[in-house]
Amino acid sequence: MTIATYWQAIDRFRAVVADQPDREAVIFPQGQTATGLPEYRQLTYRELDAWSDTIAAHLAAAGVGRGTRTIVLVLPSPELYAIMLGLLKIGAVPVVIDPGMGLRKMLNCLRAADAEAFIGIPQAHAARVLFRKYFRDVRVKITVGPRWLWGGQTLQSWGAPASTEAVAAHGDSAEASSVGTDPTGIPTPAAAAARDGSGGAGRTPRVAGPINARVRELLVSLENSESKPGVAVARAAATADRLRPVVGARLRTLRDTTVGARARWEQVAGGSVAAVAPSALLADRVPAPADELLLIAYTTGSTGPAKAVEMTHGNLSSMIEQVHAARGRVAPDTSLITLPLVGILDMLLGARCVLPPLVPSQVGSTDPAFVADAVNRFGVRTMFASPAVLIPLLRYLERTGTKIPTLHSIYSGGAPVPDWCIAGLRQVLSEDSEVHAGYGSTEALPMSTIESRELLGGLVERAHSGEGTCIGRPAEGVRARLVAITDEPLPTWADAEAREAELVATRGIGELVVAGPNVSTRYYWPQSANLAGKIADGETVWHRTGDLAWIDQEGRIWFCGRKSQRVHTAAGPMFSVQVEQVFNTLPGVIRTALVGVGERGAQRPVLCVEAEPGTDTVLLAAELRSRAVEFEVTTTVSRFLFHPGFPVDIRHNAKIGREQLAIWATAQLGEGA
């Protein structure tokens, strides 16, 4: 008999509920004020606890429990937090992914998860129905928002706090509009209903009309993720023509089963919802072992193939302690949340979590005025954000003179935040505020951090001289080492030690490897990633970060670039960030990217430059050449190409897509050489 379990850290959440039941847990946008700013609603800890208990009980009654892999495709919202807490209360395993990676990649990743349950917004379920071969093992289906043609139940049918009813009635969040499209670009249910004449809830949808358009829209998204511009639409249209009879027949079958009485439609769509008793279904649970799987989180694939990272109960519990330690073990009070996982961790520390209006796949489009308004309206004390949020916020504060006096600490992540941004934030924040430049990944969060005062106390100048970017000392409990730069597997630590002498040839720069209680020791998929990305050392498993760095005598880590993005010249390897920091200081430069053109081992280093609008690029090119000869690490850089706007990653809108830029640079030089 399987023992019923839960994540022990939930006890922290329940302690907050018992101590401060009416404290706001989630503060979320809903509508607008007369001035155009977001209107907000609140969900208390008591309400969130009861709601997540109800969700947990319904899921348990449906057979979801210990170890059940459950796909969660829900936008940041109160529903997301209630669902995640509900899953963690019954020992289920949420599977989370960034849909912005592209439909094809996402489908392949989710198929590998072998999930048995699927909780998602209507657009996610539409993809599940149309591409059902990727979800053959799914038996429990829950829709967050209106259900269109598929079976299963809706989250709304289980009941929800009054403050969330307006959100649930229209889908998932303010971004999932009741008309048009959601942030993924897939039409919302209301838009579909308007087109096909179904009139919304209470009627049997007619699907024959929009089948062709719906298939085309989904396939265009599918082809667009990988195809060259101009080819995608043609391929998608041709594919749609081939698949239209198959998909059309499938949807007509679904439609035909719904024709007739309302009772029959309810039977197909999930039927009535039986009452459940949360206290009975959640009783007699024990904490799961620390080494048991708790979460599967996919990397974005922005700097390599997407991988399914296994996080255990112990990993996530350690993250809570490390986040708390990074704040000096001071309660977060009120946090502004731009990354859902951080919201979960802060909630377990008793924070009031403020969700500003943002689109997960377009974080860089977040309105800085909304961020500043949320900080001041709710007295936000701490926030985690990527440079894509912090840079516009800084510029807004400088331009408008807006003050945010309650903000005491900022933690950046996702990509290195420019030193000028850190310096600027210190100027606009209160004197006692802290700005922490963090370093982490899906596999380990956090790995290291450095506060602005130390960074600006001479370390920035060293970065501008070609030493790399200082990312601080390892986080509490994390150990960091270096191994020789190689693309070959290093199965054991003995294999790593055998190549230690190779570090001399790279001036002490190697691949950073880390181990600690918060560090994932295993990939769920693909299995080959475990051989390439992990090193066994007795009972310790070292994670290969894929990042190149060196460690100074004070134990600080200096980030030099991604291993996969190093340039292979005849004179030896060159490292992207180490070189770029030399040039990023010049006026008129937004950012730079070092790429290699040519055959590996004989590549030519080329610096791609994104310049400020209106910059005289001829004059700037001359300044770049002059700068290059000043430092040993940049003397071989002699070719500079100006790019209108760098490609960036989809999660933080900050990591530069140097692989795409290398292809672009090769084409540019091929035409001009």
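### Things to note about the nonpolar core
Counting 64 residues, the largest nonpolar core has Trp7, Val26, Leu48, Leu59, Ile83 and Met347 as the members making the most contacts within it. Broken down by element, this core gets its largest block of residues, eight residues, from helix H3 (residues 78–89). With residues up to four places along the chain from it excluded, the contact list for Leu48 reads Phe13, Ala25, Val26, Leu43, Tyr81, Ala82, Leu85 and Met347. Of all hydrophobic cores here, the second largest spans 44 residues; its members include Leu336, Val380, Ala385 and Trp550.

### Topic: the confidence of the model for the protein
In the predicted model, the protein carries a mean pLDDT of 85, and the fraction of residues at 70 or more is 82%. Here residues 221–237 is modelled with pLDDT under 50, and outside its nearest four sequence neighbours on either side it reaches 20 contacts, counting other chains as well.

### As for the side chain of Ser433
Relative to the assigned elements, Ser433 resides in the loop between helix H16 (419–428) and strand E16 (434–441). Owing to a relative accessible area of 0%, Ser433 belongs among the buried residues under this scheme. Only 2.6 Å separates the side chain of Ser433 from the backbone oxygen of Ser430, close enough to count as a polar contact. Once residues within four sequence positions are removed from consideration, Ser433 is found in contact with Leu407, His408, Arg426, Glu451 and Arg453.

### Some words on the packing of helix H14 (residues 368–378) against helix H15 (residues 387–400)
Between two packed helices, both the angle of their axes relative to each other and the distance between the axes serve to describe the pair. Close contact between H14 and H15 brings their axes to 9 Å; oriented N to C, the two are set at 80°. Between H14 and H15, the interaxial angle falls into the category roughly perpendicular. Facing H14, whose interface residues are Pro368, Ala369, Val371 and Ala372, H15 presents Pro392, Leu393, Tyr396 and Leu397. Partitioned by chemical class, the residues of the contact of H14 with H15 number eight nonpolar, no polar and no charged.

### Let's talk about unusual backbone geometry
A cis amide bond, omega -10°, links Leu445 with the succeeding residue Pro446. Along the polypeptide, Pro446 turns up in strand E17 (residues 444–451). Cis geometry marks the peptide bond from Trp525 to Pro526; its omega dihedral reads -10°. Here Pro526 shows up in the loop between strand E21 (523–525) and helix H19 (528–533). Phi at Arg329 takes a positive value of approximately 55°, unusual for a residue other than glycine. Relative to the helices and strands, Arg329 resides in the loop between helix H12 (313–326) and strand E12 (334–336).

### With respect to the sheet that holds strand E8 (residues 153–154)
Read from one edge to the other, the open sheet built from eight strands follows the order E8-E7-E6-E4-E5-E10-E11-E21, with strand pairing classed as mixed. Bordering the open sheet on either side are E8 and E21, each of which pairs with just one other strand. As paired strands, strand E4 (residues 69–73) and strand E6 (residues 117–120) are joined by four bridges and run parallel to one another. In the strand pairing of E6, Leu73 is matched with Gly120. Of the strands in this sheet, E4, strand E5 (93–96), E6 and strand E10 (293–298) are in contact with H3, which crosses E4 at around 175°. Relative to E21, helix H4 (residues 103–112) is tilted by about 110°, and along the sheet it contacts E4, E5, E10 and E21.

### Things to note about the environment of Arg139
Inspection of the secondary structure assignment puts Arg139 in the loop between helix H5 (122–130) and strand E7 (140–143). At 3.1 Å, the side chain of Arg139 forms a polar contact with the backbone oxygen of Gly63.

### With respect to the sheet that holds strand E27 (residues 589–597)
The sheet built from three strands is open, its strands ordered E27-E28-E29 with mixed pairing. Two strands bound the open sheet, and with one partner strand each, they are E27 and strand E29 (639–642). The sheet shows a mean angle of 30° between the axes of neighbouring strands, taken without regard to direction. The pairing of strand E28 (residues 604–611) with E29 spans four bridges and is parallel. Bridging from a neighbouring strand, Cys608 pairs with Leu641 of E29. In the packing of helix H20 (residues 576–583) onto the sheet, contacts are made with E27, E28 and E29, and the angle to E27 comes to roughly 140°. Relative to E29, helix H21 (residues 617–628) is tilted by about 145°, and along the sheet it contacts E27, E28 and E29.

### Quick look at H16
For an α-helix, 3.6 residues make a turn, and residues three or four places apart therefore share a direction. Of all 10 residues in H16, seven are buried, a share of seventy percent or more. What H16 keeps buried is the set Asp419, Cys421, Ile422, Gly424, Leu425, Arg426 and Val428. Looking at the buried residues of H16, the elements they touch are H15, strand E15 (409–412), E16, E17, helix H17 (452–467) and H20.

### Here we look at the packing of H12 against helix H13 (residues 340–348)
Interaxial distance between H12 and H13 falls to 10 Å at its minimum, and their mutual angle equals 75°. By the angle class used here, H12 and H13 are roughly perpendicular. Touching Leu316, Met319, Ile320 and Val323 of H12 are Leu341, Leu345, Asp346 and Leu348, all from H13.

### Details of the environment of Lys141
Its place among the elements puts Lys141 in strand E7. Assessed through its relative accessible area of 23%, Lys141 is described here as partly exposed. Sequence-wise, Lys141 and Phe118 are 23 residues apart; in three dimensions their C-alpha atoms are separated by 5.0 Å.

### Here we look at the pattern of salt bridges
Taken as a whole and judged by the stated rule, the model has 31 salt bridges. A salt bridge links Asp333 to Arg23; the shortest N-O distance between them is 3.5 Å. Highlighted residues: Asp333 in the loop between H12 and E12 and Arg23 in the loop between helix H1 (10–19) and strand E2 (24–32), separated in sequence by 310 residues. Between Arg481 and Asp537 there is a salt bridge whose closest N-O contact spans 3.8 Å. Of this pair, Arg481 sits in strand E19 (residues 479–483) while Asp537 is found in strand E22 (residues 534–537), placing the two residues 56 residues apart along the sequence. A relative accessible area of 27% places Asp537 in the partly exposed class. One connected set of salt bridges, linked through shared partners, spans Glu454, Arg473, Asp552, Glu554 and Arg556.

### Describing H21
The end-to-end C-alpha distance of H21 is 16 Å, a good match for the 16 Å that 12 residues give at a rise of 1.5 Å each. Among the residues making up H21, those that are buried are Leu620, Ala621, Leu624, Arg627 and Ala628. For H21, the arc enclosing every buried residue in end-on projection is 125°, short of the 170-degree limit, so these residues lie on one face. Its buried side turned inward, H21 meets H17, H20, E27, E28 and E29.

### Examining the packing of aromatic side chains
Taken as a whole and assessed by the stated rule, the structure comprises 10 aromatic pairs. An angle of 40° between the planes, with centres 5.5 Å apart, marks the rings of Phe13 and Tyr45 as tilted. With Phe13 in helix H1 and Tyr45 in helix H2 (residues 45–61), this pair connects stretches of sequence that are 32 residues apart. Here the two residues Phe13 and Tyr45 agree in accessibility, since each one is buried. With a centroid separation of 5.3 Å and an interplanar angle of 10°, the aromatic rings of Trp550 and Trp558 are classed as stacked. The same class applies to Trp550 and to Trp558, which are both buried. The lysine or arginine in question, Arg128, covers the ring of Phe118, its NZ or CZ lying 5.6 Å from the ring centre. When the ring centre of Tyr523 is taken as reference, the NZ or CZ atom of Lys534 above it lies at 4.6 Å.

What counts, and at which threshold
- Residues numbered from 1 in each chain as written.
- Predicted model: local features only at pLDDT ≥ 70, side-chain atom pairs only at ≥ 80, totals over all residues.
- Heavy atoms only, no water.
- Core = buried A, V, L, I, M, F, W, Y, C linked by side-chain atoms within 4.5 Å.
- Buried < 20%, exposed > 50% of the residue type's maximum accessible area, 1.4 Å probe, protein only.
- Helix = DSSP H or I, 4+ residues; strand = E, 2+ residues; numbered from the N terminus.
- Contact = heavy atoms within 4.5 Å.
- pLDDT = per-residue confidence, 0-100.
- Polar contact = N/O pair within 3.5 Å; in protein donor to acceptor, adjacent residues only side chain to side chain.
- Axes fitted to C-alpha atoms, helices over the stretch in contact; angles between N-to-C directions.
- Parallel < 35°, antiparallel > 145°, perpendicular 65-115°, else oblique.
- Nonpolar A, V, L, I, M, F, W, Y, C, P; charged D, E, K, R; others polar.
- Pairing = 2+ DSSP bridges.
- Salt bridge = Lys/Arg side-chain N within 4 Å of Asp/Glu carboxyl O.
- Expected span 1.5 Å × (residues − 1).
- Arc of directions from axis to C-beta.
- Phe/Tyr/Trp six-rings, centres within 6.5 Å; stacked < 30°, edge-to-face > 60°.
- Lys NZ or Arg CZ within 6 Å of the ring centre and 35° of its normal.

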